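Results of the structural survey
As a plain string of letters, each chain reads:
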Amino acid sequence: MPSFKRSYLNFSIFSLGFVIACADVNIGERSNFHGIPQHASRRLLSESAPSWHPAKKRSSTHVFASQADASRESTPPATLSEDTKKILQKVAPDILDFLPIRFEKGMKNPCFLSPSQDGRASELLCLPYFIIAGGFQCGVPDFDKRLHMHPQVPSQYTSRSVWWTNHPKGSSGNFSKYVHGFPNGAKAVKASPETTILGDVSASYASFIMAEHLRLHHTFLSESATCRDQCRAGKAPAESSDKCPPKTTGPKYKFDHCFPEGQAAMAPIDFNVPALISTVYQPAKPPFVVMLLRNPTERLWAAFWTYGQFPGQYGKSNAGFLAYFEEQSAAWDKCVALHDVHTCGLRFETLAPEFEDVFYHGDQLLKGMYSIFVEDWVKWIGRDRVLVMRSEDYYEELGSGSGRPSALIKTWELLSVPPASEELWTGSEGSPVQNEHAKVLEEHGEMPAEIRARVDAFYQPFKADLASILNDSRFLWET
Ligand SMILES: *[C@@H]1O[C@H](CO)[C@@H](O)[C@H](O)[C@H]1NC(C)=O
Ligand SMILES: *[C@@H]1O[C@H](CO)[C@@H](O)[C@H](O)[C@H]1NC(C)=O
């Protein structure tokens, strides 16, 4: 894969190295646990989903609604539209091979029998019931640890594969590897089908910027790499050979025309991580998706100090942070002068050489623009299955490790597991608190107020959008 060697890729792939994913999926709880009707988000989905999405075609049926009958028949598979098939054929044939999935009935967790090959007995494979989707610098490792203290949310069946966002040629592998990747999970489901649930904890999922979206957008990388290689070798097809730059252009030897070629090879922008997950789970309900999010200003400060390349490039000081923020936010402003916010958020470095040149493609700045991504999560997964909470509340309620954070209680409730027992709470007391943000503050202090005011102002519209999407003013982070 020569494309991995390109500098563009180095950045993208490199940033993946920091990913710690958290995801958990829930299909098929018997009833909507808090009685919320299929509401606004579903309306939004049916009205605004692109024609290729199976939701458009599917008239019926929450297959698992009548799951109380413990029969082991499987559900009728969803019908994939031709458009969806075409997209998957191009970018994810390994997934398409499994679709549509015929889920087993009578299991709380979404599982299915592998297509039987060569007369071999088919094997039970599973997708996650819930996804802890993020975000980075938001407390996911601590939350992950405590969430799995619950006996019905066992850690040993959890995947942390970052699968939905990773490059298919990377270590997360293909779809077969993913559905085999819940260690002993299928066995546990067989033993206790009504209670066993599997999870995926992958903090990269929440903000699926280009570098966290290569599962679907890797074709941009391979197509633009092919285009560049052909130019270099003097082997470009006749219709584009005159667009290859002369070698004498020197170190800034750009291949501007390779951008549109790469873009043309990508999946449609609306076919993103949540859309893919929703498609794969059809006709069952999608997984539950849980996120802890920190004030984006604080998240950026923590990320700057966590990843050595930023102080390395801009300086290990407040002035260095300010220079970093100014450069990255100026590039963002340039992008949104040319494109819409959604496009810039999801595809920043693919849009033109000037954006590819931005240090780490603006990755950390973009990751704090939660509203861009949460809007799509809610649209595809459903408002009632997406739980977003604030890291600040989590840590405040956790105290020094003996508190009982509502984030845990709400998540267990969402997953339809019994409330935590007194023994569980007392047993967990004193378990050391992991807090990446607190460590950064200890080492580097608070962001100076005059810098904070600028970063806050930058993120203000995104916070307002998030508060509106979630109908919760706490996501303005004013308190
Ligand atoms: C999927 O990946 C596994 C290795 O994890 C490999 O053995 C298998 O052949 C791959 N399947 C396809 C269809 O490429
Ligand atoms: C928004 O939240 C308020 C209370 O915080 C509630 O009264 C109202 O019904 C909610 N609106 C929607 C559309 O959910």
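Residues numbered from 1 in each chain as written. Chains lettered and ligands numbered in written order. Predicted model: local features only at pLDDT ≥ 70, side-chain atom pairs only at ≥ 80, totals over all residues.

Some points on the confidence of the model for the protein
The predicted model of the protein has a mean per-residue pLDDT of 84, with 81% of residues at 70 or higher. Every residue in residues 1-72 scores below 50 in pLDDT, and together they form 160 contacts with partners more than four places removed in sequence or on other chains. (pLDDT = per-residue confidence, 0-100. Contact = placed C-beta atoms within 7 Å.)

Some thoughts on unusual backbone geometry
Here G134 and G135 are connected by a cis peptide whose omega angle stands at -5°. Among the structural elements, G135 can be located in the loop between β4 (130-134) and α6 (140-147). For the bond from Q282 to P283, the omega torsion is 5°, close enough to zero to count as cis. Mapping P283 onto the fold places it in the loop between α12 (273-281) and β7 (288-293). Of note, the phi angle at N184 is positive, near 60°, even though the residue is not glycine. Along the polypeptide, N184 turns up in the loop between α7 (175-179) and α8 (185-191). (Helix = DSSP H or I, 4+ residues; strand = E, 2+ residues; numbered from the N terminus.)

Side note on helix α21 (residues 406-414)
Three or four residues apart is the spacing at which side chains of an α-helix point the same way, because the helix has 3.6 residues per turn. Turning to α21, its buried residues are A407, L408, T411 and L414. Each buried residue of α21 lies within a common arc of 125° when the element is viewed along its axis, so the set occupies one face. Elements in contact with the buried residues of α21: α6, β7, β8 (386-390) and α20 (391-398). Just downstream of α21, S416 is the residue with a positive phi angle, here 55°. (Buried ≥ 20, exposed ≤ 12 C-beta atoms within 10 Å, placed from the backbone. Arc of directions from axis to C-beta.)

Re the site of ligand 1
Lining the immediate environment of ligand 1, one finds D94, G173, N174, S176 and K177. Across the shell around ligand 1, the residue classes tally to no nonpolar, three polar and two charged. (Near = placed C-beta within 6 Å. Nonpolar A, V, L, I, M, F, W, Y, C, P; charged D, E, K, R; others polar.)

Considerations on the nonpolar core
Formed by 117 residues in total, the largest nonpolar core has its most connected members in C126, V289 and L292. Apart from residues no more than four positions distant in its own chain, C126 is found in contact with N109, P110, C111, V179, F182, G185, A186, V189 and L198. By size, the runner-up hydrophobic cluster in this structure holds six residues, among which are C227, C231, A236 and C258. (Core = buried A, V, L, I, M, F, W, Y, C linked by C-beta atoms within 7 Å.)

What to know about the environment of G403
Among the secondary structure elements, G403 is positioned in the loop between α20 and α21. G403 sits in the partly exposed class, given 16 other C-beta atoms within 10 Å. Distance from G403 to E429, taken between C-alpha atoms, is 7.7 Å for residues 26 residues apart in sequence.

Digging into the packing of helix α13 (residues 296-306) against helix α23 (residues 436-444)
Running from N to C, α13 and α23 point in directions that differ by 70°, and their axes come no closer than 9 Å. Relative to α23, the element α13 is oriented roughly perpendicular. Along this stretch, α13 crosses α23, giving a crossing that reads as left-handed. The segment α13 lies against α23, with E298, W301, A302, W305 and T306 engaging E436, H437, V440 and H444. (Axes fitted to C-alpha atoms, helices over the stretch in contact; angles between N-to-C directions. Parallel < 35°, antiparallel > 145°, perpendicular 65-115°, else oblique. Left-handed = near helix turned anticlockwise from the far one by under 90°.)

Focus on the sheet that holds β7
Sheet architecture is open: three strands sit in the order β4-β7-β8, paired in parallel fashion. The open sheet has two edge strands with one neighbour each: β4 and β8. Across this sheet, the average inter-strand angle for adjacent strands is 20°, counted without regard to direction. Taken together, the four bridges between β4 and β7 define a ladder with parallel strand orientation. The residue of β7 that forms the bridge with I132 is V290. Across the sheet, α6 is in contact with β4 and β7; its angle to β4 comes to roughly 160°. In the packing of α20 onto the sheet, the strands contacted are β7 and β8, and the crossing angle to β8 comes to about 65°. (Pairing = 2+ DSSP bridges.)

Here's the deal with helix α15 (residues 318-338)
Over its 21 residues, α15 runs 31 Å from end to end, which matches the ideal 30 Å to within 8%, given 1.5 Å per residue. Among the residues making up α15, those that are buried are F321, Y324, F325, Q328, A331, W332 and C335. In an axial view of α15, the angular spread of the buried residues amounts to 135°, which keeps them on one side of the axis. Of the residues in α15, the exposed ones pointing more than 90 degrees away from the buried face are A319, A330, D333, A337 and L338. Tucked into the core, α15 has its buried residues touching α13, α14 (309-314), α16 (341-347), α17 (353-356), α18 (363-367) and α24 (449-469). (Expected span 1.5 Å × (residues − 1).)

Structural notes on the packing of α13 against α24
Running from N to C, α13 and α24 cross one another at 125°; their axes reach a closest spacing of 9 Å. In terms of orientation, α13 lies oblique with respect to α24. Residues P296, T297 and L300 of α13 lie in contact with α24, whose contacting residues are R452, V455, D456, Y459 and F462. Here the residues of the contact of α13 with α24 are counted per class, giving five nonpolar, one polar and two charged.

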